[in-house]
There are 2 protein chains.
Amino acid sequence: MRVLAKDIKAAAQTGEKTVQAAGWVHRIRELGGVNFVILRDRSGSVQLVLNEKRALTLESVIKVEGEPALNEKAPGGAEIRVSKLECLSLAAADLPYQVNGDVSKIGLEAVLDNRTLSLRNPKIRAIFEVQAAIIEAFSAYLRSNGFTEIKSSKLVGSGTEGGTELFSVDYFDKKVYLAQSPQFYKEVMVASGLERVFEVAPAYRAEKHDTPRHLNEYVSMDVEMGFIESERDLIEIEKGLLAFIFDELNRKHAKEIAMWSDVPAPSAESVSNAPVIPYDEALKIANDEAVKNKKARIFDINPEAEALLCAWSEREKGSALVFVNEFPRRYRPFYTYPLDASRTMSFDALFRGLEITTGGRRQHVYQDFLDVLPKFGLKPEYFSNYITLLKYGCPPHGGFALGCERLTAKILGLSNVKEASLFPRDRKRVVP
Amino acid sequence: MRVLAKDIKAAAQTGEKTVQAAGWVHRIRELGGVNFVILRDRSGSVQLVLNEKRALTLESVIKVEGEPALNEKAPGGAEIRVSKLECLSLAAADLPYQVNGDVSKIGLEAVLDNRTLSLRNPKIRAIFEVQAAIIEAFSAYLRSNGFTEIKSSKLVGSGTEGGTELFSVDYFDKKVYLAQSPQFYKEVMVASGLERVFEVAPAYRAEKHDTPRHLNEYVSMDVEMGFIESERDLIEIEKGLLAFIFDELNRKHAKEIAMWSDVPAPSAESVSNAPVIPYDEALKIANDEAVKNKKARIFDINPEAEALLCAWSEREKGSALVFVNEFPRRYRPFYTYPLDASRTMSFDALFRGLEITTGGRRQHVYQDFLDVLPKFGLKPEYFSNYITLLKYGCPPHGGFALGCERLTAKILGLSNVKEASLFPRDRKRVVP
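Residues numbered from 1 in each chain as written. Chains lettered and ligands numbered in written order. Predicted model: local features only at pLDDT ≥ 70, side-chain atom pairs only at ≥ 80, totals over all residues.

Undergrad: How would you summarise the packing of helix α4 (residues 122-144) of chain A against helix α13 (residues 404-412) of chain A if you had to cite specific residues and measurements?
TA: Residue and element names in this part refer to chain A. Interhelical geometry of α4 versus α13 gives an angle of 120° and a closest axis separation of 10 Å. Here α4 is positioned oblique relative to α13, judged by the angle of their axes. Between α4 and α13 lies a crossing whose hand is right-handed. Facing α4, whose interface residues are I127, V130, Q131, I134 and I135, α13 presents C404, L407, T408, I411 and L412. (Axes fitted to C-alpha atoms, helices over the stretch in contact; angles between N-to-C directions. Helix = DSSP H or I, 4+ residues; strand = E, 2+ residues; numbered from the N terminus. Parallel < 35°, antiparallel > 145°, perpendicular 65-115°, else oblique. Left-handed = near helix turned anticlockwise from the far one by under 90°. Contact = placed C-beta atoms within 7 Å.)

Undergrad: Run through the interface of chain B and chain A, naming residues and quoting values.
TA: The partner chain A presents 72 residues to the 72 residues of chain B that form the contact. Among the residues making up the side of chain B that touches chain A, the classes are represented as 37 nonpolar, 14 polar and 21 charged. Bridge count for strand β8 (residues 168-171) of chain A against strand β8 (residues 168-171) of chain B is three bridges, and the pairing is antiparallel. Among the inter-strand pairings, V169 of chain A is bridged to a residue of β8 of chain B, identified as V169 of chain B. (Nonpolar A, V, L, I, M, F, W, Y, C, P; charged D, E, K, R; others polar. Pairing = 2+ DSSP bridges.)

Undergrad: Could you give me a rundown of the nonpolar core, with the residues and numbers involved?
TA: Counting 242 residues, the largest nonpolar core has A21, F138 and V169 of chain A together with A21, F138 and V169 of chain B as the members making the most contacts within it. Here F138 of chain B is in contact with V200, M221, L241 and I245 of chain B, once residues within four sequence places are set aside. (Core = buried A, V, L, I, M, F, W, Y, C linked by C-beta atoms within 7 Å. Buried ≥ 20, exposed ≤ 12 C-beta atoms within 10 Å, placed from the backbone.)

Undergrad: Residue-level account of the environment of Q13 of chain B, with values.
TA: Residue and element names in this part refer to chain B. One can find Q13 in helix α1 (residues 8-13). The exposure class of Q13 is exposed, given the 12 C-beta atoms found within 10 Å. Considered as a pair, Q13 and R427 are 414 residues apart in the sequence and their alpha carbons are 53 Å apart.

Undergrad: Before we move on, can you summarise the relation of the copies chain B and chain A with the specific residues and values?
TA: The two copies are related by a screw motion: chain B maps onto chain A through a turn of 180° and a shift of 0.0 Å along the axis, at an RMSD of 0.0 Å. Taken together, these values place the two copies in the relation of a two-fold axis. Judged by C-alpha distance, V169 of chain B is the residue of chain B that lies nearest the rotation axis, at 2.2 Å. When you check the interface residues of chain B against chain A, 100% turn up at the interface there too, and the contact is symmetric in its surfaces. (Least-squares fit on C-alpha atoms with pLDDT ≥ 70 in both.)

Undergrad: So what's going on with the domain arrangement of chain A? Residues and values would help.
TA: By the assigned domains, chain A splits into domain 1 (5-89) and domain 2 (116-420). Between domain 1 of chain A and domain 2 of chain A, the C-alpha centre-to-centre distance is 45 Å. (Domains from an automatic or database assignment.)

Undergrad: Tell me about the packing of helix α4 (residues 122-144) of chain B against helix α6 (residues 231-252) of chain B, and please be specific about residues and values.
TA: Residues and elements named next belong to chain B. α6 packs onto α4 with a crossing angle of 135° between their chain directions and a minimal axis gap of 9 Å. Between α4 and α6, the angle falls in the class oblique. When the axes of α4 and α6 are compared, the crossing they make is right-handed. Packed against α4, whose contacting residues are V130, A133, I134, A137, F138, Y141 and L142, the element α6 presents G240, L241, F244, I245, E248, L249 and K252 at the interface. A per-class count over the contact of α4 with α6 returns eleven nonpolar, one polar and two charged.

Listed below in structure tokens is the structure:
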């Protein structure tokens, strides 16, 4: 029976005579005539002591049998004195990427070009262990609050936000598009009577810009709920959701977070204290901060303003998270519910300098929806399914989406969101 | 504070004077001068007693306040005597689909053409409550067995199984394809050291045939694990997984299952008793059954053979589930690990007459992989990333995929897999 690396010390302590272990050859060294191998598996790593020199290469997969022993000098405090070694897969000697190297010294392009190997580095792998825990906590919190998971189609007849940034798909004799978001589908499911739904799925933006905050394919964590009054109900749900995610990460993945960041995920208390600032006031705060930092005037909540607002919130409110609400109508999709003639019931969540969420209440009143279309130069025939939804009984509702890679990157302090995507897609990169 | 329909009886029992409820107008009737409305919400439905006639339409969304009262004649044993009613969204009177109708009397095309409305029917909605529970249980079981969730790209440079049945995407100045499965990516993640991974995500097949068992876009529930000996390790994992899913469904969703099916999901005991039959033997059993049923000879495990094998297993072994393993090489992808010259370490799971899983051990030996390519008319340059994976240390591994819609359909006894897809995509259907 195989024992994982993390459990070898316990096996030594309980006096087991023989254990089996398996994994990758992470390091090899010879010291005073003794051969040491660091064996890496999914749980961590353990030192092997070999009584004879073996023709091993880095990254080979091996299976060993031997006696577990305590050794304070070994990483993790234990080692296996190997009596039997089988090589399951001998790695070629010309390893093109240094798996056991220092990630901070390897450029992002090299990390991504060698993705099938760079993911083996324990520090890089930790990013995706944290990401899996984010998705797990996201889903668990919503389920315990009456939300149902949905899986909607990613092939759509047209975009909900307008057609300019869509990837087209040859679908038999038709053209269809990759969905930018499950917006329409999650609204259908709210109106179907599920009332509260969530989805974790890929979303696509055919944007040409290549920045550290953009991906052309990303994992969208979507939430939608009925019977709300305003975007403030959504902000309350998101606060509870983020507090739960952060708590779970600090509880289960403090080690992985510490591999990347000096600080843990924010506390539940700091999340509940996160300020909610109307757009106009947020713009004023951003400009006051810009003046203090001798920067040019800011005209809208752009990435620079987001960074300034987060720094302000951290300093003044003790929260790395800040919500900006009541966005002017011109910045929001046409279906956003109005607060008054110029403002909408919408919000963004900014976290450690980056927008991680956009959300808002949606228009659910049939006639108001029809009235607003011409103001955006839109025709009712583009929205026939949407219109059916509103025409035949739709509750007041709204929702938001969290960018999974952005949230992962900000929790770990990664400088580029591509680092938080297993196989990132950008304008140039479509492999591996 | 809003009270859900399912909790109105309890509110009446504890003597609450006023409750608020909200939802959709499911039925309206007048009886002896009293107006009754059945209000539907996400939890169920409750009878409202109105003291005056209101201009309500079916499917309108309303909010009411009133006194909860026990009434044995009302559905669920309670009602609300309404003192205040607000209409949040008045549905137009020309409802194009009868939401409160008998689903068994409405054709599939009408159900799908009116998807935004048909999903409101409680029986149809129940399909997706069961599906959400399947995904939840699938994920929970795997996590508790050391599997990590991954999210891989759905845009790939080429297909892993050959290029004939792929949808192409215009990706800036390139052509890419929608992934048929996360096959390569889940293998990368096993070899990355995560060792055990799962993914729940859309998968695409550009197959032209339109049958009750095919979708062009479906939800694939994928599993992959390292350090296995043969496909039998995978079958053991799948048995544990299915037993857990079925138990969870019978525990939490017996009501929803009973809306569709006379029988619950199979018991854990019957799953653990599921026979594992080598291909040649399975073909013989299918032919014996065909003779008994006066049917023509069967030459491979086709849909007819699947149905016969499941009927045989149900009758002889008391299991609705049967595994067929050791498929001949010609029926399996080139990367399937050989058992001998003609057979492979592969399997299918058949459930209630339908294949719900294909899986197997994969070739992990670099040189053997290179040797097998020419036999399938393939060139190494198509597989450069795959080859890197195997060249630099890859454990013996394998995995399988469960079709989410197929499993849902078979648990509920749906006759067409499209019924188990929220927004199904077939050759003709791309809306809503």
